Amino acid sequence: YGGMGLDFSYNIAVAEELGNIRCGGIPMAIGVQAGMTTPALTRFGSDELKKQFLMPTIAGDFVACLGISEAGAGSDVANIKTTAVKKGDEYVINGGKMWTTSGCQADWMCLLANTSEGPPHRNKSLICLPMNLPGIHVAKKIDKLGMRSSDTAQIFFEDVRVPTKNLIGEEGKGFTYQMLQFQEERLWGVATVLTPLETIIQETIDYTRQRKVFDQSVLHNQAVHFRLAELATEVELLRSLLYRTVALHVEGNDVTKFASMAKLKAGRLAREVTDSCLQFWGGMGFTSEVLVSRFYRDLRLMSIGGGTDETMLSIICKYMETLPTK
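Residues numbered from 1 in each chain as written. Predicted model: local features only at pLDDT ≥ 70, side-chain atom pairs only at ≥ 80, totals over all residues. Heavy atoms only, no water.

- The protein chain is annotated in an unreviewed UniProt entry as IVD dehydrogenase from Dromas ardeola.
- Comment text from UniProt for the protein chain, heading Pathway (unreviewed entry), reads "Lipid metabolism; mitochondrial fatty acid beta-oxidation."
- Note on the protein chain: under the UniProt heading Sequence similarities (unreviewed entry), the record states "Belongs to the acyl-CoA dehydrogenase family." (UniProt positions renumbered as here; feature names shortened; annotations may be inferred.)

So, in structure tokens, the structure goes:
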């Protein structure tokens, strides 16, 4: 279908390299294409669907978006309200999606919707939804704190009709498929923050070395260079956890626990590094002229998007409870 047939570790290598881009929005947009909207389609979609949606997405001719979050259901995916009711050989879709990355320009959406009245973890399906169909309304482009080069949309569906053949895999398996997609999305997110965090630390070292306060460089203070050493160590520990998780994933293991741990740590470390380093820049750090202030805004999303820190903690706790007691 136009891909190179490489394993997931190559996605992570690309994600790390994209971290050299001096903003968070572009790596995120590419990540939506590569690791958020397409994994379920790749694994479970029909040959016809892959030709119609996957091939042009891989080629870069289509922009894809992921329709999961709603105004009342962000990390709580089971609580989504959007419905896709089967009528003949079509689904009729009603509802809406919120905080949809690339939603203003997307050619198609990987949509999660309720396709039955059953239990919330077994009544959902993933559907390839062309975004040019009647009844799809892109209500607005959302103004955001960070990731400002990435468009984020609020979208409503009013009696949108889509062929039932656009269903990805089996009906009712959408929640499970999306949970699998989340693991790769979260690992991509972790990989994209490693290089920015390294860059921020190095630029802070360079700046504090030449910035003088009380007749000596800021870096000369032990509290400063010890703190930067601690942060650099934390980044390397996160990298090791990521690589271990990816290796296990490539071997076919369930990495939900480790992916959740990595996502949790990446979000918290992104906040810690950017906040600590911005402080060492003083008044200059509070301007829009330096990279640290941009990443202070952009990387804040890491603790929210793709599952909040609190959601990651809940997942980790559930896996820990399965361990045998001594």
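Anyway, onward from the coordinates.
Description of the overall build of the protein chain
- Within the protein chain one finds 9 helices and 9 strands.
- Computed over its C-alpha atoms, the radius of gyration of the protein chain comes to 21 Å, within 12% of the 20 Å expected for a compact globule of 326 residues.
- Taken along the three principal axes of its C-alpha coordinates, the protein chain extends 80 × 55 × 40 Å.
- Taking all 326 residues of the protein chain together, 50% fall into the buried category. (Helix = DSSP H or I, 4+ residues; strand = E, 2+ residues; numbered from the N terminus. Rg over C-alpha atoms; globule rule 2.2 N^0.38 Å. Buried < 20%, exposed > 50% of the residue type's maximum accessible area, 1.4 Å probe, protein only.)

Here's the deal with the UniProt feature "domain: Acyl-CoA dehydrogenase/oxidase N-terminal" (unreviewed entry) in the protein chain
- Annotation from UniProt places "domain: Acyl-CoA dehydrogenase/oxidase N-terminal" (unreviewed entry) at residues 1-61.
- Along residues 1-61 one finds 69% helix and 0% strand; the C-alpha atoms at either end are 13 Å apart.

A short note on the side chain of Glu184
- Among the structural elements, Glu184 can be located in helix H5 (residues 174-210).
- Classification of Glu184 as buried rests on a relative accessible area of 9%.
- Sequence-distant contacts of Glu184, that is, excluding residues within four places in its chain, are made with Phe8, Gly35, Pro39, Arg43 and His249. (Contact = heavy atoms within 4.5 Å.)

Points about the packing of H5 against helix H6 (residues 222-250)
- The contact between H5 and H6 brings their axes to 10 Å, and the two run at 155 degrees. The angle between H5 and H6 places the two elements in the roughly antiparallel class. H5 and H6 meet at a crossing whose hand is left-handed. Residues Glu184, Leu187, Val190, Ala191, Val193, Leu194, Leu197, Glu198, Ile201, Thr204 and Ile205 of H5 touch H6, and the partners they reach there are Leu228, Leu231, Ala232, Val235, Glu236, Leu238, Arg239, Leu242, Thr245 and His249.
- Grouping the amino acids of the contact of H5 with H6 by side-chain chemistry returns 14 nonpolar, 3 polar and 4 charged. (Axes fitted to C-alpha atoms, helices over the stretch in contact; angles between N-to-C directions. Parallel < 35°, antiparallel > 145°, perpendicular 65-115°, else oblique. Left-handed = near helix turned anticlockwise from the far one by under 90°. Nonpolar A, V, L, I, M, F, W, Y, C, P; charged D, E, K, R; others polar.)

Considerations on the UniProt feature "domain: Acyl-CoA dehydrogenase/oxidase C-terminal" (unreviewed entry) in the protein chain
- Taking the UniProt record as the reference, the feature "domain: Acyl-CoA dehydrogenase/oxidase C-terminal" (unreviewed entry) is found at residues 172-318.
- Taken end to end, residues 172-318 comprises 74% helix and 3% strand; its first and last C-alpha atoms sit 23 Å apart.

With respect to the packing of aromatic side chains
- According to the stated counting rule, one finds 3 aromatic pairs in the structure shown.
- Ring plane angle 50 degrees and centroid distance 5.3 Å describe the contact between Phe53 and Trp108, whose orientation is recorded as tilted. Highlighted residues: Phe53 in helix H4 (residues 47-59) and Trp108 in strand S4 (residues 108-114), separated in sequence by 55 residues.
- For Trp108, a relative accessible area of 0% translates into the label buried. (Phe/Tyr/Trp six-rings, centres within 6.5 Å; stacked < 30°, edge-to-face > 60°.)

Focus: the pattern of salt bridges
- Scanning the entire structure with this criterion turns up 18 salt bridges.
- As a salt-bridge pair, Arg239 and Glu236 come within 3.3 Å of each other at their nearest N and O atoms. Placement of both Arg239 and Glu236 in helix H6 is noted, with a separation of 3 residues, approximately one turn of the helix.
- Using a relative accessible area of 38% as the deciding quantity, one classes Glu236 as partly exposed.
- For Arg268, the salt bridge is made with Asp309, and the minimal N-O distance between the two is 3.8 Å. Of this pair, Arg268 sits in helix H7 (residues 256-280) while Asp309 sits in helix H9 (residues 309-320); the two residues are 41 residues apart in sequence, bridging distant segments of the chain.
- A cluster of three or more residues bridged by salt bridges with shared partners is formed by Glu16, Glu198, Glu236 and Arg239. (Salt bridge = Lys/Arg side-chain N within 4 Å of Asp/Glu carboxyl O.)

Some remarks on the environment of Thr37
- Tracing the backbone shows Thr37 in the loop between helix H2 (25-36) and helix H3 (39-44).
- Taking the C-alpha atoms as reference, Thr37 lies 6.3 Å from Cys65; in sequence the two are 28 residues apart.
- Once residues within four sequence positions are removed from consideration, Thr37 is found in contact with Val32, Ala64, Cys65, Leu66, Trp108, Cys110 and Gln181.
- A distance of 2.8 Å separates a polar atom in the side chain of Thr37 from the backbone oxygen of Val32. (Polar contact = N/O pair within 3.5 Å; in protein donor to acceptor, adjacent residues only side chain to side chain.)

Some words on the domain arrangement of the protein chain
- The domains assigned to the protein chain are domain 1 (8-171) and domain 2 (176-320).
- Once you take the C-alpha centre of each, domain 1 and domain 2 turn out to be 26 Å apart.
- Every contact between the two is made by 41 residues of domain 1 and, on the other side, 33 residues of domain 2.
- Three residues, Phe8, Glu16 and Arg22, lead the burial of domain 1 against domain 2; their summed loss comes to 23% of the area buried on that side.
- Inspection of the domain 1/domain 2 interface yields 3 salt bridges.
- Salt-bridge contacts for Arg22 lead to Glu203; the nearest nitrogen and oxygen are separated by 3.0 Å. (Domains from an automatic or database assignment. Buried area = accessible area lost by both parts, 1.4 Å probe.)

Digging into the environment of Ala59
- Checked against the element boundaries, Ala59 lands in helix H4.
- Counting along the chain gives 247 residues from Ala59 to Gly306, while the straight-line C-alpha distance between them is 25 Å.

Here we look at the side chain of Thr256
- Checked against the element boundaries, Thr256 lands in helix H7.
- Exposure remark for Thr256: the relative accessible area of 14% places this residue in the buried category.
- Aside from chain neighbours lying at most four places away, what touches Thr256 is Gln183, Ile315 and Tyr319.

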